[in-house]
Every structure is written in C-alpha cells, then in structure tokens.
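Working through the structure, step by step
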Amino acid sequence: ERASSYRKLCDDGIDPRATEAKAKEQEKVQDEIAKVTLRDAFDHEYDALLKLGRITQKTRDQYYFVIKAVSPDWWAISIRSITEEMVEHQFDNYVNQTGREAQAKSWKGLLDRLFKSCRLWKIGKEPVLLSNPMDVLAKISTATSKRQGFLFPDEIIKVIDTYWNH
C-alpha cells in the first residue's frame, strides 16, 4: 500500500520523502502547539514585555494574581482548549460567587490581550491560537470604577501569598 502511494506521488512528479518529511514536521508543530498552556502563553508574553521595559515585575505579578484569582485551574490547560463557553461560565461564576465584577473585568482585559498576542505568536508557520475565546465577552466593558475603601482581609492574604509564592 505504501509502495503504491509512493508510486502515485512519483508519477505526479512529487518527491514522496519530502512529502512525508513535511507531514511529520507539521505534526510535530501541531503537537508543540497543543502543549502550550495558559501559563506558557502568560510567561511568553509578559516576560517579553518585562524584558522590553514596557511593564515592571510588580505589574507582571499583579497580572498573574488577577488571572490566578479568577481562573486558578486554567494555568495548566492547553490554550487552544479554552472555549468561549468556558470563558463565559468562568466570568459569570466568579462574579456571582465573589461579587467582584471589577476584578473579573480586569481578568477579561488581560486574557483578551494575551489571546490576541497568541494569535501573532507562531510555532513553525502556525499561530499558537486561531481564534480569541474572549470575544464572547466583547459586550462587557473592561472599564472599572476607582476602588472605594480598603482591601478585604482575604484579598490581603491572597496578595501576600502570591507575592511570596511566586
């Protein structure tokens, strides 16, 4: 069977070994892309911004804290497996459980920017992300009102834990 497919490719003027090599390379790229987690994407984007001097380490840590607070279970999953349904569910769930819509909006803005950059990040010639699952929340403004008051005790603990454990 393999010999007949090789023969057909040769008859068509195509080098079967080159075709196989190209297919294997494409498969390898797809495997690499499938392994890119949200944490990998976060590190790729925000470490680059940090090196360029566009953000400070403190800002990067704050971004990390916001994403980890709203979607702690997402760090280890493939970025391509995050769906619009997951995004909408996570946003609504977080707001309903905590009442912290401002933090959920910040999360939306951070992940939207991160996912847009992942559409530009390429492994081989293939973009890491084909579509932005945050588009489902496009109708929600990321504008937040200025905080009135102090941090809640549980927020202070999370900030300190994030700072010391990061």
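Higher on the page you've got the structure.
Overview of the structure.

Attention now goes to the overall build of the protein chain. Check the secondary structure of the protein chain and you find 7 helices and 2 strands. Mapped in sequence order, the helices and strands of the protein chain form the string α-α-α-α-α-α-β-β-α. Counting only residues that meet the buried cut, the protein chain has 36% of its 166 residues in that class. Look at the contacts in the protein chain between residues 6 or more apart in sequence, and 67% of them connect residues 24 or more apart. In the form shown here, the protein chain has an accessible surface area of approximately 11,000 Å², with 54% of it arising from carbon and sulfur atoms.

For the rest of this paragraph, the subject is the side chain of serine 78. With respect to the helices and strands, the residue serine 78 is situated in the loop between helix 4 (57-70) and helix 5 (84-98). The exposure class assigned to serine 78 is buried, which follows from its relative accessible area of 17%.

Let us look at the pattern of salt bridges. Taken as a whole, this structure holds 6 salt bridges when the rule is applied. Its salt-bridge partner being aspartate 43, residue arginine 60 comes within 2.7 Å of it at the nearest N-O pair. Here arginine 60, found in helix 4, pairs with aspartate 43, found in helix 3 (residues 38-52); they are 17 residues apart in sequence, far enough to count as distant. When the shortest N-O distance is used, the salt bridge between arginine 80 and glutamate 126 registers 3.7 Å. Of this pair, arginine 80 sits in the loop between helix 4 and helix 5 while glutamate 126 is found in strand 2 (residues 126-127), placing the two residues 46 residues apart along the sequence. On the basis of relative accessible area, arginine 80 is assigned to the partly exposed category, the value being 28%.

Right, let's get into a nonpolar patch on the surface. Judged by side-chain polarity, Ile156, Ile160, Tyr163 and Trp164 come together as a nonpolar surface patch covering roughly 500 Å² of accessible area. Its location among the elements puts isoleucine 160 in helix 7 (residues 153-165). Owing to a relative accessible area of 43%, isoleucine 160 belongs among the partly exposed residues under this scheme.

Turning to the nonpolar core, a few remarks are in order. Core analysis: the biggest nonpolar cluster contains 37 residues, and Leu38, Ile79, Trp107 and Leu111 have the highest contact counts within it. Of all the elements in the fold, those that place two or more residues in this core are helix 3, helix 4, helix 5 and helix 6 (101-120).

With that settled, consider the packing of aromatic side chains. Inspection of every chain in the model, using the stated rule, returns 6 aromatic pairs. Here a set of aromatic residues connected by ring pairs shows up, and it is made of Phe42, Tyr46, Tyr63, Tyr64 and Trp75. If you follow arginine 39 out to its NZ or CZ, it ends over the ring of tryptophan 75, 5.6 Å from the centre.

The next thing to look at is helix 4. Taking 1.5 Å per residue as the helical rise, helix 4 with its 14 residues ought to reach 20 Å, and the 20 Å between its terminal C-alpha atoms agrees with that figure. Burial in helix 4 covers these residues: Arg60, Asp61, Tyr63, Tyr64, Phe65, Val66, Ile67, Ala69 and Val70.

The end-to-end C-alpha separation of helix 6 is 29 Å, in line with the 28 Å expected for 20 residues at 1.5 Å each. All of the buried residues in helix 6 are Gln103, Ala104, Lys105, Trp107, Lys108, Leu110, Leu111, Asp112, Leu114, Phe115, Ser117 and Cys118.

Criteria and cut-off values
- Residues numbered from 1 in each chain as written.
- Predicted model: local features only at pLDDT ≥ 70, side-chain atom pairs only at ≥ 80, totals over all residues.
- Heavy atoms only, no water.
- Helix = DSSP H or I, 4+ residues; strand = E, 2+ residues; numbered from the N terminus.
- Buried < 20%, exposed > 50% of the residue type's maximum accessible area, 1.4 Å probe, protein only.
- Contact = heavy atoms within 4.5 Å.
- Areas by Shrake-Rupley, 256 points an atom, 1.4 Å probe, with all protein chains shown as cover.
- Salt bridge = Lys/Arg side-chain N within 4 Å of Asp/Glu carboxyl O.
- Patch = residues over 30% accessible without salt bridge, like charges linked within 9 Å, V, L, I, M, F, W, Y side chains within 5 Å.
- Core = buried A, V, L, I, M, F, W, Y, C linked by side-chain atoms within 4.5 Å.
- Phe/Tyr/Trp six-rings, centres within 6.5 Å; stacked < 30°, edge-to-face > 60°.
- Lys NZ or Arg CZ within 6 Å of the ring centre and 35° of its normal.
- Expected span 1.5 Å × (residues − 1).

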